[in-house]
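Below, each chain spelled out in residue letters.
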Amino acid sequence: NIMQLSDDPVLQILPFNAKIRFPIPHPSDKGSIMYRHVEYYPGDPILSLVETFKNDPRPEKVNLSIGIYFDDEGKMPVLESVSRAETARAATPALSPYLPMEGLDTYRSAVQHLLFGKDNRALAQGRIVTVQTLGGSGALKVGADFLHRWFPEARAYVSDPTWDNHRGIFEGAGFEVGTYPYYDPATVGVKFDEMTAFFNTLPEHSVLILHPCCHNPTGVDMSEQQWDEVLQIIKTRKLIPFMDIAYQGFGGDLDSDAYAIRKAVEMELPLFVSNSFSKNLSLYGERVGGLSVVCPNKEEAELVFGQLKFTVRRIYSSPPAHGAYIAADVMNSTELYALWQNEVYVMRDRIRAMRQKLYDVLTAQIPNRDFTYFIKQRGMFSYTGLSVEQVRRLRDEFAVYLLDSGRMCVAGLNASNIAYVADAFAEVLK
Ligand code: KET
């Protein structure tokens with residue numbers, strides 16, 4: 001319906017997994033013929049909701065939509081570690097030459113240490129290559145372009161459900177994208193047997209997009225034993241694991257959140273890793289990310305590295321410098337690194353505390369319902385199990401914003417709004 005698309009901002013928000021069918025009717029008819037064939041873009045389900053939230057005049061409104069960490073005052077924090085690095089840098093005005101296609105050296109090695117561990121053998125063997133990218137999204141794009149170019153027959157598979165843009169980026173790179181079974185609403189766990197059975201049907205070189213920690217949107221992660229089993233199947237069937245880690249440090253700790261990555265390297269898998277510092281350095285707008293590829297040997301690593309640079313050259317030539325300098329300064333200083341690590345754990349612990357609070361209030365109000373999943377889920381997100389109708393009621397009646405899928409960004413809760421949100425939840429759940 002044309003009027004609905006243009007008039008009601010809430011109706012523009014599509015369900016999380018909505019398939020958009022083209023052609024979508026144009027929202028207006030102004031008589032132009034030039035761009036008549038251009039398909040209407042109804043907006044992104046996450047980013048559009050943020051806009052709707054901004055325009056909501058109700059003072060009690062609560063944003064639990066986008067994956068951004070807010071502190072207990074409801075503000076996006078400037079980390080002390082980051083601010084010290086910024087101050088030090090600002091003291092010496094610097095030129096801003098182009099970075100090389102692959103990005104800043106000191107940044108790339110810092111990424112490798114954080115993901116794989118400083119003393120990883122594969123690093124010493126020179127078979128892991130890393131390029132700096134425009135956030136985690138840029139890493140996914142460069143990796144997807146590379147894979148589609150060199151494995152043109154391969155299909156890509158994302159978890160059901162996943163972060164919507166996984167599909168978007170891989171389809172944009174020319175992939176046919178399927179889903180693999182993952183989330184089980186009945187147990188609020190992983191459909192492990194179904195998932196592994198599915199992986200066992202896939203042809204060689206199928207690309208699996210995996211969340212090594214803090215699964216988005218469900219908050220449901222695999223155990224280490226489950227990872228071991230999955231990685232063994234991946235190895236046996238010669239699949240290509242592509243691990244997207246955007247929340248390192250928000251689940252367990254910085255090392256344990258990299259368990260699946262390090263285990264895959266130990267098992268000599270041909271691994272792709274996209275990482276993002278948007279959340280754990282609170283540097284969203286700087287676009288600081290990386291793509292790492294673990295290769296069987298140094299010779300192949302050099303071939304891959306060359307093609308990654310070429311891929312970057314053909315998209316945006318070279319990455320932005322500032323955020324990479326800041327991230328490198330934090331990671332490469334013993335003092336700032338220790339400070340940063342602690343700041344990440346403060347964010348993680350605050351999210352955990354909010355989970356606990358929500359659980360406590362809801363359990364007190366609706367004692368016959370099991371809310372333990374709120375405390376078991378990990379990272380920034382919780383799949384609340386709320387229906388689209390309940391989510392819409394939260395938005396319309398209480399100005400509490402979740403994604404239509406029922407995904408809540410737990411980091412949007414704080415001491416001032418938790419009681420209000422919990423009451424609103426209880427109200428729509430009753
Ligand atoms: N991977 C995952 C799993 C992810 O959740 C995000 C962002 C990204 C990559 C992108 O990272 P970046 O470094 O910003 O390019 N997710 C949140 C924000 C968004 O949708 O863009 C979100 O899910 O709300």
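Residues numbered from 1 in each chain as written. Predicted model: local features only at pLDDT ≥ 70, side-chain atom pairs only at ≥ 80, totals over all residues. Heavy atoms only, no water.

Caption draft 1: Expanded view of the packing of aromatic side chains. In total, this model carries 16 aromatic pairs according to the counting rule given. Relative to Tyr-373, the ring of Phe-371 has its centre 6.4 Å away and its plane inclined at 50°; by these criteria the two rings are tilted. For Phe-371, a relative accessible area of 1% corresponds to the buried category. Using a relative accessible area of 10% as the deciding quantity, one classes Tyr-373 as buried. Among the aromatic residues, those joined into a ring-pair cluster are Phe-146, Phe-170, Phe-175, Phe-242 and Phe-272. (Phe/Tyr/Trp six-rings, centres within 6.5 Å; stacked < 30°, edge-to-face > 60°. Buried < 20%, exposed > 50% of the residue type's maximum accessible area, 1.4 Å probe, protein only.)

Caption draft 2: Quick look at the environment of Gly-103. Within the secondary structure layout, Gly-103 lies in the loop between helix H3 (80–90) and helix H4 (105–116). Owing to a relative accessible area of 0%, Gly-103 belongs among the buried residues under this scheme. For the pair Gly-103 and Ile-375, spaced 272 residues apart in the sequence, the C-alpha separation amounts to 39 Å. (Helix = DSSP H or I, 4+ residues; strand = E, 2+ residues; numbered from the N terminus.)

Caption draft 3: Structural view of the nonpolar core. Residues Phe-116, Phe-199, Met-380, Val-400 and Phe-425 are the most contacted members of the largest nonpolar core, which totals 110 residues. Take this core: its biggest share by element is 10 residues, from helix H13 (residues 334–365). In contact with Phe-425, not counting residues within four places along its chain, are Leu-358, Leu-362, Phe-374, Thr-384, Leu-386, Leu-394, Val-400, Leu-402 and Met-408. Counting residues in hydrophobic clusters, the runner-up holds 29 residues, among them Ala-144, Ala-173, Ile-240 and Ala-301. (Core = buried A, V, L, I, M, F, W, Y, C linked by side-chain atoms within 4.5 Å. Contact = heavy atoms within 4.5 Å.)

Caption draft 4: Seen up close, the pairing of strand S4 (residues 177–181). Buried residues dominate S4, accounting for 4 of its 5 residues. Sheet analysis places strand S3 (residues 156–160) next to S4, joined by 5 bridges and oriented parallel. Along S4, the bridge assignment pairs Ser-159 with Tyr-180. The parallel pair S3 and S4, bridged by helix H7 (residues 164–172), forms a crossover whose chirality is right-handed. (Pairing = 2+ DSSP bridges. Right-handed = clockwise from strand over helix to strand, strands pointing away.)

Caption draft 5: Spotlight on the environment of Ser-282. With respect to the helices and strands, Ser-282 occurs in the loop between strand S9 (272–276) and strand S10 (288–294). Among the polar contacts made by the side chain of Ser-282, one reaches the main-chain carbonyl oxygen of Pro-77 at a distance of 2.8 Å. (Polar contact = N/O pair within 3.5 Å; in protein donor to acceptor, adjacent residues only side chain to side chain.)

Caption draft 6: The arrangement of the site of the ligand in detail. In the vicinity of the ligand lie 17 residues, with Gly-67, Ser-137, Asn-216, Asp-244 and Ser-278 positioned nearest. Within the side chain of Ser-276, a nitrogen or oxygen atom sits 2.7 Å from an oxygen atom of the ligand. Take Arg-407: an N or O atom from its side chain is 2.9 Å from an oxygen atom of the ligand. Taken by itself the ligand offers 520 Å² of open surface, and the protein chains cover 91% of this. Here the shell around the ligand gets 3 residues from one element, more than from any other, and that element is helix H6 (residues 135–150). Looking at the shell around the ligand residue by residue, the class counts come to 6 nonpolar, 7 polar and 4 charged. (Near = heavy atom within 4 Å. Areas by Shrake-Rupley, 256 points an atom, 1.4 Å probe, with all protein chains shown as cover. Nonpolar A, V, L, I, M, F, W, Y, C, P; charged D, E, K, R; others polar.)

Caption draft 7: Geometry of the pattern of salt bridges. Applying the stated rule across the entire model yields 21 salt bridges. With a shortest N-O distance of 3.2 Å, Arg-350 and Asp-72 are connected by a salt bridge. Of this pair, Arg-350 sits in helix H13 while Asp-72 sits in the loop between strand S1 (62–63) and H3, and the two are 278 residues apart along the sequence. On the basis of relative accessibility, which here comes to 30%, the residue Asp-72 falls in the partly exposed class. (Salt bridge = Lys/Arg side-chain N within 4 Å of Asp/Glu carboxyl O.)

Keep in mind these values describe shape, not function.
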